[in-house]
Amino acid sequence: MEIGKKLVTPSSWEVVFETGPFQKDLEEIILPEYIQTCRWFAGKSSTIKYVRINHTLRLTEKKKHYYIIIVEAQFKEAFSQFYLVPLAYIPASEESQYTTINPIAPVRLAEEDGFLFDALFIPSFRELLFDHLVKERSIRLDLGTLKFEKSLLLDSSIKKISSEILNVEQSNTAVIYNNQYFFKWFRRVFPESNPDLEISRFLNLNEYPYTAQYLGGISWIRNDKPPISIGLMQQKIENEGDAWKWMLKKVNTFFEQFDKNPKLIFNWTPKEKIFEPVKISELAPQTIERLDKDFAKAIVIMGKRTAQMHIAMARDLGQVSFTPVSFNPDYSVWLKNKVSYLFDQRIGLLEKNLTKLRGLAREYGQTFLDRRNEVLEEVLGFDETKLCSMRTRVHGDFHLGQMLVHKGEYYILDFEGEPESTIRDRKVKQSPLKDVAGMLRSFHYAIYATLFDEQKNWALPQEELFDIAERFYQLICGLYLNGFIRTAMKGGLDIGYKPEVNYLLRYHLLEKAIYELGYELNSRPAWAIIPLRGIMRIMGF
């Protein structure tokens with residue numbers, strides 16, 4: 001029953017999902033509107049057809065009752081997404097304690113007025129999660145078990161708990177405990193374990209130090225079904241921000257040199273058109289001066305840390321899901337189907353949005369449309385018979401925003417994979433060069449995001465700026481590749497010889513640029529010029 005969107009039921013909170021119309025009212029009246037207001041909801045560009053609560057998991061602690069509901073959002077575009085929403089009931093008499101939090105809805109339960117809240121915003125629920133993790137106290141449910149697992153690194157003697165929600169735009173919800181632990185509540189639900197939890201745990205087993213250390217996880221375990229990941233506890237890394245912000249500052253500093261002195265020369269010229277590893281020792285003093293030696297060293301270190309991550313992920317510890325495998329026809333079919341589907345979707349988006357693009361962006365977009373068959377031929381031409389290296393688990397969504405910077409070091413985070421991919425596609429073993437290509441594309445983004453900044457009015461003509469930009473881009477890519485390839489070879493990571501490395505890099509760079517184009521056309525068309533320029537560069541148009 002709806003009274004000004006207040007949910008009314010004669011049932012008490014303890015049994016509210018067992019009797020009465022509460023669940024139906026929640027599905028039809030409250031949740032469709034509520035989830036669209038949440039930062040973590042990924043379906044904002046689609047139209048909700050209906051919302052259904054698929055499962056309800058009840059948690060009870062010291063006479064306090066909470067529910068974790070798994071919400072299915074079915075869209076008119078014929079696809080579904082599933083989300084984890086924890087629920088808490090707060091009586092109206094206690095409302096004054098939570099005035100800074102927006103409730104999900106007002107409710108009247110068993111003739112008592114109160115409010116329904118997302119339980120993560122209630123301190124007692126956050127404390128319950130932490131307490132169960134440190135004590136590894138799992139909860140038996142009607143369907144399976146809510147398993148709390150901790151690593152030896154999580155201190156079991158902790159008694160006093162403080163916690164706060166991290167107030168940032170994220171696809172998940174983050175909680176900081178005692179200012180030293182980082183807990184991630186997964187909002188999207190998948191029919192098997194989340195790659196972020198799997199890879200974080202595996203890297204911890206391999207003692208890879210350049211990531212947030214795995215401290216524990218929460219999973220819903222059911223008989224004869226894969227586990228569903230609920231949350232991940234990690235070490236909180238002190239940091240000065242992510243590498244994207246760091247890189248933007250460095251790129252801006254680089255180009256400001258030429259703004260202050262337009263006659264300044266950047267005389268570095270690449271040896272080849274394809275990406276070539278570059279040693280700092282090979283650079284002329286004038287190039288080092290323009291680039292800044294500390295910046296050059298930092299890029300090399302980033303490449304090293306990337307390779308060390310892949311060496312750790314390729315280590316065979318008897319876990320089949322991480323054991324390296326060779327390239328085969330099945331993988332080729334999967335990859336070509338995946339990228340050609342992306343290609344078709346992006347072509348449709350571009351045709352629909354071309355008139356919204358301006359200047360060079362429209363020119364590049366038209367060239368892409370005119371020469372689409374050449375790009376598609378490149379996509380469908382993937383040939384595994386040229387490849388002798390090994391495929392491993394990869395990060396899958398690797399870019400500058402996935403690195404934290406702290407005192408000259410770089411820590412890699414967020415192993416969930418590409419947001420548009422299915423959970424199984426995210427776990428497909430691929431070349432580590434897939435992640436390398438993601439980082440190289442991120443460098444390209446940082447450079448052109450700086451050049452196309454509308455608040456900037458660069459002194460040099462665009463043609464000269466672009467010439468410097470392309471050589472600068474190729475130089476930092478070369479430094480990064482030097483750090484990556486040398487470390488990979490030394491650590492026994494099988495990425496193939498130079499022709500194979502170049503072949504895979506080119507393919508994955510094109511794949512990534514095509515992927516990016518869809519994101520930009522949907523979210524920020526003004527930036528579509530960046531992946532379009534990337535496609536032009538990769539294809540040589």
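In case you missed it, the structure is sitting above this.
In what follows, the accompanying structure is described. Given the structure is predicted, the values throughout are model-derived calculations rather than measurements.

### Considerations on the layout of surface pockets
A volume near 690 Å³ is recorded for the second largest pocket. As for the second largest pocket, its lining consists of 28 residues, of which Tyr 34, Thr 37, Cys 38, Asn 102 and Phe 121 are closest to the centre. Of all the secondary structure elements, the ones that give two or more residues to the lining of the second largest pocket are helix 1 (22–35), strand 6 (105–109) and strand 11 (173–177). The element that contributes the greatest number of residues to the lining of the second largest pocket is helix 1, accounting for four residues. Looking at the lining of the second largest pocket residue by residue, the class counts come to 15 nonpolar, seven polar and six charged.

### Considerations on unusual backbone geometry
Its identity as a non-glycine residue notwithstanding, Glu 136 has a phi of 50 degrees, on the positive side. With respect to the secondary-structure elements, Glu 136 resides in the loop between helix 2 (123–135) and strand 8 (139–140). For Asp 224, which is not a glycine, the phi torsion comes out positive at approximately 65 degrees. Tracing the backbone shows Asp 224 in the loop between strand 13 (214–221) and strand 14 (228–235). Here Asp 224 falls in the exposed class, since its relative accessible area comes to 85%.

### Comments concerning the sheet that holds strand 12 (residues 181–185)
The seven strands are arranged 8-9-13-14-12-11-10 in an open sheet whose pairing can be described as antiparallel. Looking at strand neighbours, the two that pair on one side only are strand 8 and strand 10 (163–165), the edges of this open sheet. Pairing of strand 11 with strand 12 involves five bridges; the strand directions are antiparallel. By the bridge assignment, Thr 173 is partnered in strand 12 with Trp 185.

### Some points on the side chain of Gln 213
Counting through the fold element by element, Gln 213 comes out in the loop between helix 3 (195–205) and strand 13. Setting aside residues no more than four positions away along its own chain, Gln 213 makes contact with Leu 153, Asn 204, Tyr 208, Met 233, Gln 234 and Gln 235.

### Topic: helix 7 (residues 329–353)
Taking 1.5 Å of rise per residue, 25 residues should cover 36 Å, and helix 7 covers 36 Å from first to last C-alpha, within 8% of that figure. Capping of helix 7 at its N-terminal end is provided by Asn 328; its side-chain oxygen lies 3.2 Å from the backbone amide nitrogen of Asp 330.

Cut-offs used in this document
- Residues numbered from 1 in each chain as written.
- Predicted model: local features only at pLDDT ≥ 70, side-chain atom pairs only at ≥ 80, totals over all residues.
- Heavy atoms only, no water.
- 1 Å grid on protein atoms, 1.4 Å probe; cavity = no way out; pocket = protein on both sides within 12 Å on 5 of 7 lines; lining within 4 Å.
- Points joined across faces, edges and corners; volume = space filled by probe spheres on them.
- Helix = DSSP H or I, 4+ residues; strand = E, 2+ residues; numbered from the N terminus.
- Nonpolar A, V, L, I, M, F, W, Y, C, P; charged D, E, K, R; others polar.
- Buried < 20%, exposed > 50% of the residue type's maximum accessible area, 1.4 Å probe, protein only.
- Pairing = 2+ DSSP bridges.
- Contact = heavy atoms within 4.5 Å.
- Expected span 1.5 Å × (residues − 1).
- Polar contact = N/O pair within 3.5 Å; in protein donor to acceptor, adjacent residues only side chain to side chain.

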